[in-house]
Every structure is written in C-alpha cells, then in structure tokens.
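# Residue-level structure breakdown
One-letter residues, chain by chain:
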Amino acid sequence: MIYIPSYIKINLTLRVFVPRDDGYHEISTLFHKLGPIEWLGIRRLNGSNRDDIINSHNIEISGTNIISRAIEFLRSKSVKLPPIECNIWKVLPVGSGIGAGSGNGAALLEWASTIYDLILDPAELAKFGADIPFFLSKTKTALATGVGERLKLLDPLTGIYALLAIPNIKISTAEAYRELDESRKRGEAEIVPVSFAIYEALNLYADLEKKRRIGFLPNDFVAVLRKKSDFYDGFFDLCNSTFNNSLAWGLSGSGSSVFCLFTDKHEAIKAQELVSSKLECDCKTFVLE
Ligand SMILES: C[C@](O)(CO)[C@H](O)COP(=O)(O)OP(=O)(O)OC[C@H]1O[C@@H](n2ccc(N)nc2=O)[C@H](O)[C@@H]1O
Ligand SMILES: Nc1ncnc2c1ncn2[C@@H]1O[C@H](COP(=O)(O)OP(=O)(O)OP(=O)(O)O)[C@@H](O)[C@H]1O
C-alpha cells in the first residue's frame, strides 16, 4: 500500500456575492493550504473484474465517498484505472469548512494524474468540487473568484502556524448560504463590491507576508455562525485579548472551523492548550503549517 497526503484549506478571507441563476454564489476568497493531516492508502488490485474497495474508518461518511466519485470521474474521462483499494483513517470532522472531503478527492486525483500522466481541466474539476482546482494547484496560497475555481496563484505564505479549532457545531454549507441570503434580505448584512473584496484580500495577504498583526479577518459567514453559538465570540475574544503574539484570526468557509495564525509554533501550541481549557465546547484542535 502506498500513502498519499491529503490537505485541507482555510479561507483567510471570504466574501460572498449575490446568488447566480443556478443558486450558487460567486465568492472572493484567499485560500491557504494546511497539512497534510489525513493520508490515503492506495493499492492497485489484480484482476480487471473486481470492484473497488473504499474503506473510510473512524468517522462515518454519509452518501458516496468523494474518493469513489473521483475514481468514477477519471474512468468517465477514459482513464484506464484498474480496480483500486483505498483506505483512509478520517481525523477531521465532515463538513467543517476546511474542505477535508475535497482534499481526499484531490489527493486521489493528484496521484492518478501523476501516475497516468493526465492533464485535468480545471473547469471540469470545478464541477466536481469548487475547491478541487486549488487543492491540485502547485501553490499553498491563492486568491480565488468564481465559485472558488478561478485562481490567481500567490507566493506561498510561509512561516505561519495555524491553530485550527473545530467545534462540534453542525451547519451545512447550503444552510449557511441560505441564512446569509435571508439576513441580507432583512437588511442585516451588506454585500461588498467585488473589486473591494479583491483589494481587501490582496492587502491582507501583503500584511500576512510581512507578518504584520491584523486581528480579525473578514468572512461574510461570521454573523450567521455567531447566532448559532457563543463559542465564536469566546474564541475571537481569546485571540484578541490573550494571544498577544498572534497575527490574525477568523472563520474558515461557512464554518464551523475557526483559526488563529502565529509566527511561532510554540505560541500556537500554548494557545491550543488555552482554547481547550477555557472554552466550554466539545472541540478538536490542531496546530498546522
Ligand atoms: C464556503 C466555501 O467553503 C468557501 O470556500 C465554499 O463556497 C463551499 O463550497 P462547496 O464545498 O463546493 O459547496 P457544496 O458542498 O458543493 O455546496 C453545498 C450547497 O451550498 C450552496 N453553495 C455552495 C457554494 C457556493 N459558491 N454557493 C452556494 O450557494 C449551494 O446551495 C450548494 O448546493
Ligand atoms: N472522504 C470524505 N471525507 C469527508 N467528507 C466526505 C468524504 N466523501 C464524501 N464526503 C461528503 O462531503 C461533504 C463534506 O465535505 P467537506 O468535508 O469537504 O466539507 P467542508 O469542509 O464543509 O468543505 P467546504 O469548506 O468546501 O464547504 C459531506 O456531505 C460528506 O458526507
């Protein structure tokens, strides 16, 4: 069995625009890759008539595993993939705004495109998952528009350690987008212009590159999540008042994950300890680069 690394993403900034005719929203976001955390074990099986074996352990995945969808996608593109056994030990909770599932799918696609010398079309990949083109890109940091598939690759932000906290709070991506639209209809939240969102993201990227302290990073879903749980105010207050050596903090995707960025790994580990002891919430925490 060979093991392939699987990454996650955080949204350092995230602005959401009006819904399109197909119901999807265009976004502007500063993506940043972290990890790997999970690893895909892959083995090619002998015999062409065998079924694929996809085993996901530790955390239950409802519906079709994205790894199976990635395999089907490749076969639909006439890639001659033999039957495959794929094992994964899931560590990251499903649907936490960090694209862990997409990362698993992207890991399989990256392995196949390397072994079978494939050139995968980003537009096709985007239909498969909006953040898949970013996961397959060679960079760690990118500005994305469209639904996240149009990328401007940026020099990777290096020397930054992220404390990632994943509280046990469930909100589906669809529900978060719906609630954001409803709050906007009630006049509770504004939509920033696209040009502002891009300017804002690139300015914040420049600050992070220079390791300037920023504080709270913009994400349009914050107001939606704050209504769901006190955890968010608790976490952001801790970042603001206690983690004096942190650079910036915010919410990833449509939640539930939050992060705080540090230049010193040990500061991040100390902060991890404080989050676990001070916030009354069932929460998984990681320090990742
Ligand atoms: C919030 C982000 O994580 C930011 O990176 C992404 O926009 C989420 O994108 P995603 O994981 O590809 O979202 P999906 O799980 O495919 O979408 C679930 C549902 O969320 C809504 N959705 C999703 C993405 C998007 N740009 N606009 C939407 O309105 C749609 O109702 C969709 O049916
Ligand atoms: N291998 C997998 N790992 C995690 N989720 C998977 C996997 N395969 C399929 N899924 C499904 O994908 C969905 C969640 O995917 P993912 O964890 O990438 O969401 P997310 O972190 O909220 O991502 P985003 O920030 O893009 O919304 C769930 O509906 C889950 O059942």
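Parameters at a glance
- Residues numbered from 1 in each chain as written.
- Chains lettered and ligands numbered in written order.
- Predicted model: local features only at pLDDT ≥ 70, side-chain atom pairs only at ≥ 80, totals over all residues.
- Heavy atoms only, no water.
- Helix = DSSP H or I, 4+ residues; strand = E, 2+ residues; numbered from the N terminus.
- Rg over C-alpha atoms; globule rule 2.2 N^0.38 Å.
- Buried < 20%, exposed > 50% of the residue type's maximum accessible area, 1.4 Å probe, protein only.
- Contact = heavy atoms within 4.5 Å.
- Near = heavy atom within 4 Å.
- Polar contact = N/O pair within 3.5 Å; in protein donor to acceptor, adjacent residues only side chain to side chain.
- Areas by Shrake-Rupley, 256 points an atom, 1.4 Å probe, with all protein chains shown as cover.
- Salt bridge = Lys/Arg side-chain N within 4 Å of Asp/Glu carboxyl O.

### A look at the overall build of the chain
- Across its full length, the chain holds nine helices and eleven strands.
- On C-alpha atoms alone, the chain measures out to a radius of gyration of 19 Å, which is about the 19 Å that the 2.2 N^0.38 rule sets for 289 residues.
- Projected onto its principal axes, the C-alpha positions of the chain cover 60 × 45 × 35 Å.
- Of all 289 residues assigned to the chain, the portion counted as buried reaches 52%.
- Within the chain, contacts between residues separated by at least 24 positions form 74% of all contacts whose residues are at least 6 apart in sequence.

### A few points about the site of ligand 2
- Of all residues adjacent to ligand 2, which total 19 residues, the nearest are Lys9, Ile66, Lys90, Gly99 and Asn104.
- Within the side chain of Lys9, a nitrogen or oxygen atom sits 2.9 Å from an oxygen atom of ligand 2.
- One of the backbone nitrogen or oxygen atoms of Gly97 is found 3.0 Å away from an oxygen atom of ligand 2.
- The fraction of the free accessible surface of ligand 2 (620 Å²) that becomes covered by protein chains is 79%.
- If you tally residues by element for the shell around ligand 2, the top one is helix α2 (residues 100-115), at four residues.

### Notes on the pattern of salt bridges
- Considering all chains together, one arrives at 16 salt bridges under this definition.
- A salt bridge links Arg15 to Asp220; the nearest nitrogen and oxygen atoms lie 2.7 Å apart. Residue Arg15 is located in strand β1 (residues 2-19), and its partner Asp220 is located in the loop between β8 (215-216) and α7 (222-228); the two are separated by 205 residues in the primary sequence.
- Residue Arg15 is classed as buried on the basis of its relative accessible area, which comes to 14%.
- Residue Asp233 pairs with Arg226 through a salt bridge whose shortest N-O separation is 2.5 Å.
- Of the residues examined, Asp233 reaches a relative accessible area of 32% and is grouped as partly exposed.
- Salt bridges sharing partners connect three or more residues here, namely Arg15, Arg184, Glu200 and Asp220.

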